[in-house]
Amino acid sequence: VWRYRDAFWKGWLLTIGISLAALALSSLLGLLLAFARRAQREECRAAALVYVEALRGSPLLVQILFFWYVVAARFELADRLLVGVFVLSAFSSAYLAEMIRAGIGSVGTSQLESARAIGLTRWQTYRFVVFPQALRHVLPPLAGQFASLVKDSSLLSIIGLEEFTFRAQQVNSATYSTLESFIPLGIGYLLLTLPISALSRTLERRFHYEN
């Protein structure tokens, strides 16, 4: 298996790239969806609700297969990496939207009224009043979702994307050394997810304050 270390390394780096791209895109989509779920227009709230429930209500594996073999094939999109990042981001954004919405909703209306009373704009209210408090509440679930996003990227191997899991499967097929092929796989994912948990605990201590 040691002879295939370059394959493991390339797959691990690709997994990092996929995870970072999906994390950034899903965070942006999740934030937009959270605001859409709290919008004044009923049509906007309904559309966001349908999106969130549809993505959360179906397995990620099914979504990957559907987007690759149906949507991507229909529009002649052959870039597995692009499709993989998009599907992973869309799936994760549905969960992030509900976490962010719940965090924003945890801030009392009295604080929003006080912010308006002292002349803060809507953006300033969210920047200085809502987001600092919401962040404290959503950090633990956000860290868990980001860690899940990294692990969920392994499902992209089903469409032939040569990420970490796909490379490990290739090594296993070439060497018939199942244990030796998948132990590095587990260690590689731990090296990606454990720092996320550690960073989350650090940020929790930093933003902690007494009620």
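What comes next concerns the included structure. (Residues numbered from 1 in each chain as written. Predicted model: local features only at pLDDT ≥ 70, side-chain atom pairs only at ≥ 80, totals over all residues. Heavy atoms only, no water.)

1. Regarding the packing of helix H1 (residues 5–37) against helix H6 (residues 122–152)
- Contact geometry of H1 with H6 gives a least axis separation of 12 Å together with a crossing angle of 135°. Relative to H6, the element H1 lies oblique. Along this stretch, H1 crosses H6, giving a crossing that reads as right-handed. Residues Ser19, Ala22, Leu23, Ser26, Ser27 and Phe35 of H1 pack against Tyr126, Phe131, Phe146, Leu149 and Val150 of H6.
- Looking at the contact of H1 with H6 residue by residue, the class counts come to eight nonpolar, three polar and no charged. (Axes fitted to C-alpha atoms, helices over the stretch in contact; angles between N-to-C directions. Helix = DSSP H or I, 4+ residues; strand = E, 2+ residues; numbered from the N terminus. Parallel < 35°, antiparallel > 145°, perpendicular 65-115°, else oblique. Left-handed = near helix turned anticlockwise from the far one by under 90°. Contact = heavy atoms within 4.5 Å. Nonpolar A, V, L, I, M, F, W, Y, C, P; charged D, E, K, R; others polar.)

2. Focus: the layout of surface pockets
- Roughly 540 Å³ of volume is contained in the largest pocket.
- Forming the boundary of the largest pocket are 20 residues, of which Leu135, Val138, Leu139, Leu142 and Phe146 lie nearest the centre.
- When contributions to the lining of the largest pocket are tallied by element, the ones reaching two or more residues are H1, helix H4 (80–105), H6 and helix H8 (178–207).
- In terms of residue count, the dominant contributor to the lining of the largest pocket is H6 (eight residues).
- A per-class count over the lining of the largest pocket returns 18 nonpolar, two polar and no charged.
- By volume, the second largest pocket is sized at about 230 Å³.
- Looking at the second largest pocket, it is lined by 13 residues, and the ones nearest its centre are Leu112, Arg116, Arg122, Thr125 and Tyr126. (1 Å grid on protein atoms, 1.4 Å probe; cavity = no way out; pocket = protein on both sides within 12 Å on 5 of 7 lines; lining within 4 Å. Points joined across faces, edges and corners; volume = space filled by probe spheres on them.)

3. A few points about the side chain of glutamine 145
- Considering the arrangement of structural elements, one finds glutamine 145 in helix H6.
- Residue class for glutamine 145 comes out buried when judged on its relative accessible area of 9%.
- Not counting the four nearest positions on each side in its chain, glutamine 145 is found in contact with Ser92, Tyr95, Leu96 and Met99. (Buried < 20%, exposed > 50% of the residue type's maximum accessible area, 1.4 Å probe, protein only.)

4. Considering the packing of aromatic side chains
- Tallied over the entire structure, the rule returns nine aromatic pairs.
- On the basis of an interplanar angle of 90° and a centroid distance of 5.8 Å, the ring pair of phenylalanine 66 and phenylalanine 67 is categorised as edge-to-face.
- You can call phenylalanine 66 partly exposed: its relative accessible area is 44%.
- Put simply, the rings of Phe8, Phe164 and Tyr189 pair up and form one aromatic cluster.
- Over the aromatic face of tyrosine 95 sits the side chain of arginine 56, whose NZ or CZ is 5.9 Å from the ring centroid. (Phe/Tyr/Trp six-rings, centres within 6.5 Å; stacked < 30°, edge-to-face > 60°. Lys NZ or Arg CZ within 6 Å of the ring centre and 35° of its normal.)

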